[in-house]
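Geometric and topological summary
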Amino acid sequence: MIRLLSKLFIKNREAYQLPSVRTAYGILCGTVGILLNLCLFVVKYLAGQLSSSIAVTADAFNNLSDAFSSIVTLAGFKLSAQKPDSDHPFGHGRLEYISGLIVALAIILVGMELLQASAEKILHPEKPEYSPLVLLILILSILIKLYMAYYNRSIAKKIDSETLSAVSKDSLSDMLSTLLVLISMILSHLTSLQIDGYCGILVGLFICLSGYQAVKDTVSPLLGQAPDPEFVENIKKIVLSHDRILGLHDLVVHNYGPGKVLITLHAEVPADLDLVAAHDLVDHIERELKEKLSCTAVIHVDPAFADDAESKELKDKILAWLHTLDVKFSLHDFRMIRSGEKIKVFFDISAPFDYKKTDEELVSDIQKRLTQENSSYVGIIDIDRAE
């Protein structure tokens, strides 16, 4: 159904990275979700009343909350598609993450309500009425929710949407919770076991767990999570594919929402390269990154003294020593400048986050190492923390 509707209503429907196409898919999934969840609420609420089952009735209200979640999803895509303004120069893309967070919190709220209602059912048990019509409704609900989980997950991958991913997980948890309700009703009919309330507890716990996972998935990009390793690797391949780029470091990825990514990095070029030529080179790389990876890039040029034998030898020694501490260490911006009787040694170090010593302790250790190598060396060292 989603594929057919996308053919009818979404222009350039396979250009998933276009903001207009992403928004159109978000609105389409949100609208379909509202309609399907409202239909499920009506039929399952009636089924719950007919069978006197707290689990079925609670499952119905779970679908009603899903309809609300779909409204939030739809609103999130509409709001995040707004153009940048003077107050938000990088756009409103993170509103999509906020809408996903609201969906996740709604999932947890429904789970808590279901736990409370199920606990009351355990204290005051009442055998649900068995009905083939109710069983049919539950089976159809399971199939519909399975389909909703599938299409939301599929579209979420295509347009890189945490919100639709959260909705997909919610639909899957709904499918499994309805399956538990179905099993509960069949067992209650075939045996004397009164497990309606206990199944409601299991459903509530599962829904809360699903909501907790969805919260984690949506909060991480809001806080500023590490970039996708594949995306970082693609940046490095593009930058280092140019002959006059000797290396890169201090790569930072700023995520302002899906399709709104700003990157900054330092590119090392030969120190004797003409300033105009260096500018033209990084300008070309910035355009290439935008065309191939749909990101805005700002590149800082660092002169590298690659032909200085003494610098290269000392740099290799320091890096080899650092690797005895942790192979994740890297070293860049290395240069040596004579100042009277002293030789100032400038360089930056990328240290792993999990390295135990403080930056000050690490600098002190390196200073001692330099002095052992040559008493004239004075280290001017900056420490960055990175993966």
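Now for a look at the structure at hand. (Residues numbered from 1 in each chain as written. Predicted model: local features only at pLDDT ≥ 70, side-chain atom pairs only at ≥ 80, totals over all residues. Heavy atoms only, no water.)

1. Focus on the overall build of the chain
- Within the chain, the secondary structure is distributed over 11 helices and six strands.
- A compact globule built from 387 residues would reach a C-alpha radius of gyration of about 21 Å, whereas the chain, at 29 Å, exceeds it by more than 25%.
- Burial status across the chain gives 44% buried among its 387 residues.
- In the chain, of all internal contacts separated by at least 6 residues, the share reaching a separation of at least 24 is 67%.
- For the chain, the accessible surface area stands at approximately 20500 Å², while carbon and sulfur atoms represent 61% of it. (Helix = DSSP H or I, 4+ residues; strand = E, 2+ residues; numbered from the N terminus. Rg over C-alpha atoms; globule rule 2.2 N^0.38 Å. Buried < 20%, exposed > 50% of the residue type's maximum accessible area, 1.4 Å probe, protein only. Contact = heavy atoms within 4.5 Å. Areas by Shrake-Rupley, 256 points an atom, 1.4 Å probe, with all protein chains shown as cover.)

2. Concerning the state of the cysteines
- Taken as a whole and judged by the stated rule, the model has zero disulfides.
- Note on Cys 29: no disulfide assigned, nearest cysteine sulfur contributed by Cys 39 at a separation of 17 Å.
- On the accessibility criterion, Cys 29 (3% relative accessible area) is buried. (Disulfide = S-S within 2.5 Å.)

3. Side note on the nonpolar core
- By size, the foremost hydrophobic cluster in this structure holds 21 residues, and its most contacted members are Ile 235, Val 239, Ile 263, Leu 265 and Leu 289.
- Breaking this core down by element, the ones donating at least two residues are α8 (229–240), β2 (261–270), α9 (275–293) and β3 (295–304).
- With six residues, the single largest contributor to this core is α9.
- Setting aside chain neighbours within four positions, we find Leu 289 in contact with Ile 235, Ile 238, Val 239, Ile 263, Ser 294, Cys 295, Ala 297 and Ile 299.
- Leu 314, Ile 343, Leu 362 and Ile 383 belong to the second largest nonpolar core, which has 20 residues in total. (Core = buried A, V, L, I, M, F, W, Y, C linked by side-chain atoms within 4.5 Å.)

4. Notes on the packing of helix α6 (residues 162–190) against helix α7 (residues 196–223)
- Interhelical geometry of α6 versus α7 gives an angle of 170° and a closest axis separation of 9 Å. When the axis of α6 is compared with that of α7, the two are roughly antiparallel. Across from Glu 162, Ala 166, Lys 169, Asp 170, Ser 173, Leu 176, Ser 177, Leu 180, Val 181 and Ser 184 in α6, the residues of α7 making contact are Asp 196, Cys 199, Leu 202, Val 203, Phe 206, Ser 210, Gln 213, Ala 214, Asp 217, Thr 218 and Pro 221.
- For the contact of α6 with α7, the residue count by class is 10 nonpolar, six polar and five charged. (Axes fitted to C-alpha atoms, helices over the stretch in contact; angles between N-to-C directions. Parallel < 35°, antiparallel > 145°, perpendicular 65-115°, else oblique. Nonpolar A, V, L, I, M, F, W, Y, C, P; charged D, E, K, R; others polar.)

5. Considering the pattern of salt bridges
- Applying the stated criterion to the full structure yields eight salt bridges.
- Across the pair Glu 373 and Lys 317 runs a salt bridge whose closest N-O atoms are separated by 2.7 Å. Here Glu 373 is found in helix α11 (residues 359–373), whereas its partner Lys 317 is found in helix α10 (residues 309–325), with 56 residues between them in sequence.
- Classification of Glu 373 by relative accessible area gives partly exposed; the value is 41%.
- Judged by relative accessible area, Lys 317 falls into the partly exposed class, the value being 37%.
- With its nearest N and O atoms 2.6 Å apart, the salt bridge here joins Asp 365 to Lys 357.
- Because the salt bridges share partners, they merge into one network encompassing Glu 313, Lys 317 and Glu 373. (Salt bridge = Lys/Arg side-chain N within 4 Å of Asp/Glu carboxyl O.)

6. Digging into empty space enclosed by the protein
- Enumeration over the complete set of coordinates arrives at two cavities of 30 Å³ or more.
- Of the volumes computed, that of the largest cavity is approximately 50 Å³.
- Residue lining of the largest cavity: Asn 37, Asp 66, Ser 69, Ser 70, Val 103, Lys 145, Met 148, Val 167, Asp 170 and Ser 171, and that is the complete set.
- Those elements giving two or more residues to the lining of the largest cavity turn out to be α3 (54–80), α5 (132–159) and α6.
- Here the lining of the largest cavity is composed, by residue class, of three nonpolar, four polar and three charged.
- For the second largest cavity, the calculated volume is near 40 Å³. (1 Å grid on protein atoms, 1.4 Å probe; cavity = no way out; pocket = protein on both sides within 12 Å on 5 of 7 lines; lining within 4 Å. Points joined across faces, edges and corners; volume = space filled by probe spheres on them.)

7. Things to note about α11
- Here α11 spans 21 Å end to end across 15 residues, near enough to the 21 Å set by a 1.5 Å rise per residue.
- Those residues of α11 that fall on the buried side of the exposure criterion are Leu 362, Asp 365, Ile 366 and Leu 370. Mapping the buried residues of α11 onto a view down its axis gives an arc of 140°, with all of them on the same face. Counted as exposed and oriented over 90 degrees from the buried face of α11: Glu 360, Lys 368 and Gln 372. (Expected span 1.5 Å × (residues − 1). Arc of directions from axis to C-beta.)

8. So, the packing of aromatic side chains
- In the structure shown here, the tally under the stated rule is four aromatic pairs.
- Judged by centre distance (5.1 Å) and plane angle (75°), the ring pair of Phe 329 and Tyr 355 falls under edge-to-face. With Phe 329 in the loop between α10 and β4 (330–339) and Tyr 355 in the loop between β5 (342–352) and α11, this pair connects stretches of sequence that are 26 residues apart.
- Tyr 355 sits in the buried class, given a relative accessible area of 13%. (Phe/Tyr/Trp six-rings, centres within 6.5 Å; stacked < 30°, edge-to-face > 60°.)

9. A word on the environment of Leu 240
- Structurally, Leu 240 can be placed in helix α8.
- In this structure Leu 240 comes out as partly exposed when scored by relative accessible area, which is 43%.
- Discounting chain neighbours no more than four positions away, the residues touching Leu 240 are Ile 245, Gly 247 and Leu 248.

10. Considerations on the pairing of β4
- By the bridge criterion, eight bridges tie β4 to β5 in an arrangement that is antiparallel. Bridge pairing in β5 links Leu 331 to Ile 349.
- Connecting the antiparallel pair β4 and β5 is a turn made up of two residues, with Gly 340 showing a positive phi of about 65°. (Pairing = 2+ DSSP bridges.)

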